[in-house]
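# Close look at the chain arrangement
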Amino acid sequence: MSQLGKLYVVGFGPGDFKHITTRAVEALQESDFIIGYKTYVELIQDLIDSNTSVISTGMTEEVSRAQEAVRQAENGKKVAVISSGDSGVYGMAGLVYEVLIEKGWTEATGVEIEVIPGISAINSCASLLGAPVMHDSCTISLSDHLTPWDLIAKRVEAAAMADFVIALYNPRSGRRTRQIVETQRILLQYRSPETPVGLVKSAYRDRQNIIITNLKDMLNHDIGMLTTVVIGNSSTFLYDNKMITPRGYQRKYTLNAEKQPLKPHQRLKEEAEPWAMDQETGIQRSQNIDSAPALVRAKQPSVVKTEPKISSFEMALDALTRVTGQQVETQTTFVQQEMESIFELAVSPGVANKRFTPKQMMTLAEVVGEKGTMEYTPNHNILLKIPTTTPDIITAKLQEANFILSPVGDVVTIKACDFCDGEKTGGIPYAEELQEKLGGLNMPKEFNIGFNGCGMACYKAVMEDVGIVYRKGKFDLFVGAKPVGRTAHPGQPVAEGIEPEKIVEVVSNIVEEYRQNAHPNERLFKYFKRVKRIQGFNYQDMSPKIEIEPAPCGD
C-alpha cells in the first residue's frame with residue numbers, strides 16, 4: 001500500500017489576498033492538488049503554483065469534490081480543498097469528514113487532515129458595516145438545498161424572538177427568491193421595521209458593495225448569493241452610516257453624564273451584573289423580572305406556520321376589512337430587550353455635617369429598594385447604585401431629604417472634616433463654596449480636595465490631591481499627594497497663610513490647569529512631577545528616599 005498523503009481543508013477568507021492567513025498560503029503551495037468550486041479557484045489563482053493540479057467543479061457538486069480529495073490523499077497526494085470564508089462555516093470541512101467516516105477513517109490510521117481557519121463572512125462583513133456583531137449573534141443559511149425550509153423558518157423565528165444579531169448566508173439565488181421574503185415577514189413579527197440592516201456583497205473583492213438600510217426596506221435592494229445580510233438586534237443603532245451594537249444591555253448613569261462605562265477592573269464584579277446567574281443558587285441574581293433584561297411581551301407561537309403564508313388571524317382581519325370596508329388597525333409588539341440602567345451617585349448630609357437624620361435614612365431605603373446597593377466610602381459619603389430608568393425621580397426625593405448629591409467617577413470630590421462636630425466654624429463657608437463651585441466637575445482622573453478645619457488635620461487633608469488646612473484664620477495649601485501605594489506620601493506644602501478670600505480662587509486655578517492639561521488617567525501628583533510647576537508653585541520630590549523593591553504592578 002502506498003504511503004498516505006494529507007488533506008488540507010482551507011478557508012481563505014473573503015478572497016482578498018491581504019485577508020488570507022499565512023498558514024492557508026503555505027498549505028496551497030505545499031499541495032499537489034487543489035480542489036474547489038470554480039469561482040473560488042479563480043479567486044486564488046495567483047497563489048497556485050504552475051505545477052499544481054487543479055480540479056474545479058460547479059455549484060452543488062460539493063460531494064464529488066470531497067470524494068475526489070479523499071481519493072487523491074489516499075493515493076499519497078497532498079490535497080487542498082478550498083472554501084471561501086471559513087471552511088468550518090457552511091464550508092467543506094464537515095463534508096470531507098463525512099466522506100472519510102463513510103470509508104472507516106480514523107485519525108490514528110487514516111489520512112492526516114488539517115482544517116485551516118479563515119475569516120467567515122459574518123466577520124468580514126461586520127468589519128465593513130461598523131460593529132454590528134458585538135453581542136450574541138447567529139448565522140443562518142437560507143439555502144434549503146440541504147435543509148428543509150420549515151426548519152430554517154423555525155430557526156429564523158427563534159433567533160428573532162431571542163434578540164440575536166443575525167447574519168443570513170445564501171439569502172437568495174436565481175431559483176430561490178421567496179426565502180428572503182418569508183424571512184423578512186417572520187422577523188417583522190418580532191423586530192421593529194426600523195431595525196438596522198447591512199447588505200454586503202462580495203466583501204473585500206473587486207465588486208464589493210455595501211448598503212445600510214432597515215428591516216422594512218431591505219428587499220428594495222439587490223440581494224443575491226454573494227450578499228451577506230446582517231440584521232441588528234433591538235439595541236443596534238446607526239451612527240454616521242455605521243451599524244453599532246452595544247456589548248450589553250446595561251447603562252450606568254451618574255449626575256453629570258448620560259452614560260458612564262464600566263472601567264476594566266469593574267466589569268466582572270457581581271454588582272455590575274445584576275442579571276447574571278448566581279453560581280451558588282443557580283438562579284438569576286435579579287429576581288425582579290420587570291427590570292431584569294427580558295423579552296417584552298411578544299406573541300411567541302411555538303411553531304412557524306409556513307402554509308398558509310398568512311396566519312388565520314391575518315386572514316380573519318382581511319375578511320373583516322372586506323365586509324366593513326374599513327381598515328382594521330392592529331398593534332404589533334416587538335421583541336425589545338430592556339436596557340438595565342444603573343444610576344450611580346454619592347450622597348452626604350452636608351459638607352461638614354456627618355449626621356444622617358431618620359428621614360434621610362428612610363429615604364435612602366426607599367430609593368435604593370431591594371435591588372439597589374448602598375456603600376459607605378472613605379470620601380465621607382454613601383455611594384448608591386440603583387437600577388432605574390427614571391433618575392430624575394430619585395434625585396428629587398433625595399434633594400427633598402436635604403442630601404448633597406454628587407456624581408461619581410473621575411470628578412472633583414470635596415472631603416471635609418466635621419470641624420470638631422461643627423464647633424470650629426471658621427473654615428466651613430469656604431468648604432461649602434468649594435463644593436458648590438467645583439464639586440462634581442469632570443476631570444482627567446479622580447480628584448480629591450481634602451479640607452480640615454484646624455491645624456490638627458485629623459481628617460488627613462494633606463493626603464489628598466489638594467489639601468487645605470484652616471489655621472489661625474488663614475489657609476495652608478498642600479498639592480500633589482500620592483494617596484495610595486507603598487510609596488505613598490503627603491502633598492507638598494506649597495503655601496502658608498493664604499488669605500480666606502483668596503483660597504477658593506487659588507484652588508480653582510489649580511483644578512482648572514490640571515483639568516485642561518493633564519493626560520487621561522494621570523493623577524495630579526504625576527502631572528505635577530511632569531510639568532514641574534502649577535500656578536506658580538514649583539514641584540519638589542516628596543517620595544520616600546529609601547530603596548523600595550519595585551512592585552509587580554509597576555507602582
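What you see is a predicted model, and the numbers here were worked out from it, not measured in a lab. (Residues numbered from 1 in each chain as written. Predicted model: local features only at pLDDT ≥ 70, side-chain atom pairs only at ≥ 80, totals over all residues. Heavy atoms only, no water.)

## Section: unusual backbone geometry
For Cys-420, which is not a glycine, the phi torsion comes out positive at approximately 50°. Tracing the chain through its elements places Cys-420 in helix 11 (residues 419–422). In this structure, Ala-457 takes a positive phi of about 45° despite not being glycine. Along the chain, Ala-457 turns up in the loop between strand 20 (447–452) and strand 21 (466–471). (Helix = DSSP H or I, 4+ residues; strand = E, 2+ residues; numbered from the N terminus.)

## Section: the sheet that holds strand 2 (residues 33–37)
Judged by pairing direction, the sheet is parallel, and its 5 strands sit side by side in the order 3-2-4-1-5 without closing on themselves. Every interior strand has two partners, whereas the edge strands, strand 3 (53–57) and strand 5 (112–116), have only one. When strand polarity is set aside, the average angle formed by the axes of neighbouring strands in this sheet is 15°. The sheet contact formed by strand 1 (residues 6–11) and strand 4 (residues 78–83) spans 6 bridges and is parallel. Along strand 4, the bridge assignment pairs Leu-7 with Val-79. (Pairing = 2+ DSSP bridges. Axes fitted to C-alpha atoms, helices over the stretch in contact; angles between N-to-C directions.)

## As for the pattern of salt bridges
Here the structure, examined in full by the defined rule, presents 23 salt bridges. Taking the shortest distance from any N to any O, the salt bridge between Arg-178 and Glu-182 comes out at 3.5 Å. Linking Arg-178 with Glu-182, this pair stays in helix 7 (residues 178–187), spanning 4 residues, or about one helical turn. Where Lys-216 meets Asp-217, a salt bridge forms, and the shortest distance between an N and an O atom there is 3.7 Å. Judged by its relative accessible area of 26%, Asp-217 falls in the partly exposed class. Linked by salt bridges that have partners in common, Lys-6, Arg-23, Glu-26, Glu-30, Glu-112 and Glu-114 make up one network. (Salt bridge = Lys/Arg side-chain N within 4 Å of Asp/Glu carboxyl O. Buried < 20%, exposed > 50% of the residue type's maximum accessible area, 1.4 Å probe, protein only.)

## Points about the packing of aromatic side chains
In this structure the tally under the stated criterion is 12 aromatic pairs. Aromatic pair Phe-451 and Phe-475: ring centres 5.8 Å apart, planes at 75°, arrangement edge-to-face. On the criterion of sequence distance, the pair formed by Phe-451 in strand 20 and Phe-475 in strand 22 (residues 474–479) is long-range, its members being 24 residues apart. In this pair, the class of Phe-451 matches that of Phe-475, namely buried. Ring centres 5.8 Å apart and planes at 75° place the aromatic pair Tyr-514 and Tyr-527 in the edge-to-face group. Of this pair, Tyr-514 sits in helix 13 (residues 500–517) while Tyr-527 sits in helix 14 (residues 524–531), and the two are 13 residues apart along the sequence. Judged by relative accessible area, which is 2%, Tyr-527 ranks as buried. The structure contains a cluster of three or more aromatic residues connected by ring pairs, namely Phe-419, Tyr-430, Phe-451, Tyr-470 and Phe-475. (Phe/Tyr/Trp six-rings, centres within 6.5 Å; stacked < 30°, edge-to-face > 60°.)

## Considerations on the pairing of strand 19 (residues 412–416)
Counting buried residues along strand 19, 5 of its 5 residues qualify, which places the element largely inside the surrounding structure. As paired elements, strand 19 and strand 20 share 5 bridges and run parallel to each other. What sits directly across from Ile-414, in strand 20, is Ile-449.

## Some thoughts on helix 6 (residues 149–161)
For helix 6, spanning 13 residues, the distance from its first C-alpha to its last is 18 Å, which sits close to the expected 18 Å at 1.5 Å a residue. Every buried residue of helix 6 is listed here: Trp-149, Ile-152, Ala-153, Val-156, Glu-157, Ala-159, Ala-160 and Met-161. The elements touched by buried residues of helix 6 are strand 7 (137–141), strand 8 (165–169) and helix 7. Just downstream of helix 6 lies Asp-163, where phi reads positive at about 65°. (Expected span 1.5 Å × (residues − 1). Contact = heavy atoms within 4.5 Å.)

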